[in-house]
Amino acid sequence: MPVQTSDQKWAAKAAGGDESAFRELYRAYIRPVYWIAHGILGSAPDAEDVAQETFVAAWRKLPGFELQGESILPWLATICRFQAANRLRQKRRDQAHTAEAMDENLPATVSVEDQVITSALAERIAQEVGSLSELDREIFRLCAAEGYAYQAAAEELGVSHAVVRNRLSRVRTQLRGAVKEASEA
C-alpha cells in the first residue's frame, strides 16, 4: 500500500469533519494561497479576504473530497482563482454603480492563459516540494509557509540554526529552478 503524504492524511481527516486537520492545511497553505490571490488582485486587503474565502469554500467542499495528488495546493489554487475572479467582477460592478473614477490598477479581466500557467506552476511547485526529504519539507513548511524564523524552526525540529538556513537556501534554489523550468515550458 502506498504511503500517504501529510496533505493526503490531513485532507482525508478534514473531509471527515476533523477541524484540527483542516487547521493544519490552513497553516500549511494560507501564505501560498494569499500570494496567488495577491498576484491576481494586486491588493493586499483583497488578497487577504480572498485567501480567507478560499478556505471557507474549501471547508464546504471537503466532505466527500478525496485528494488524488500528493499536494492539496493545486486544488486550493483553483478555488482561490475562482474567488479572486468573483472579487474582480464584484469590484467592477461596484465601480460601475458609483460616480468614482475607475481604478486603473484593477484588471479588466482574468486571463485564462495566465491562470492555466498559475495552475501549472502551482502543480510544479507542489511536485517539487513533494520530492524533498521529510526534513526539508518540514523546514520549508515552517519557514516559507508558516513564517517561522530560522531559530524557531530549528528548535521545533531539533536541529541547528545553520541546518535550517542552509537547507532552506538549497530548497529555495531548487524551487526557483523548478519555477524557471515551468515558465520556460
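Residues numbered from 1 in each chain as written. Predicted model: local features only at pLDDT ≥ 70, side-chain atom pairs only at ≥ 80, totals over all residues. Heavy atoms only, no water.

(A) Geometry of the overall build of the chain. Helix and strand content of the chain: eight helices and zero strands. Element order for the chain, N to C, with α for helix and β for strand: α-α-α-α-α-α-α-α. Classification of the 185 residues of the chain by burial places 36% in the buried group. Long-range contacts, defined as pairs at least 24 residues apart, comprise 61% of the intrachain contacts of the chain with a sequence gap of at least 6. When the accessible area of the chain is evaluated, it comes to approximately 10900 Å², of which 52% is carbon and sulfur surface. (Helix = DSSP H or I, 4+ residues; strand = E, 2+ residues; numbered from the N terminus. Buried < 20%, exposed > 50% of the residue type's maximum accessible area, 1.4 Å probe, protein only. Contact = heavy atoms within 4.5 Å. Areas by Shrake-Rupley, 256 points an atom, 1.4 Å probe, with all protein chains shown as cover.)

(B) Quick look at the environment of Leu-41. Within the element layout of this structure, Leu-41 appears in helix H2 (residues 19–41). Along the primary structure Leu-41 and Arg-87 are separated by 46 residues, whereas in three dimensions their C-alpha atoms are 8.3 Å apart. Among all residues touching Leu-41, those that are not within four sequence positions of it are Asp-46, Ala-47, Val-50, Ala-84, Arg-87 and Leu-88.

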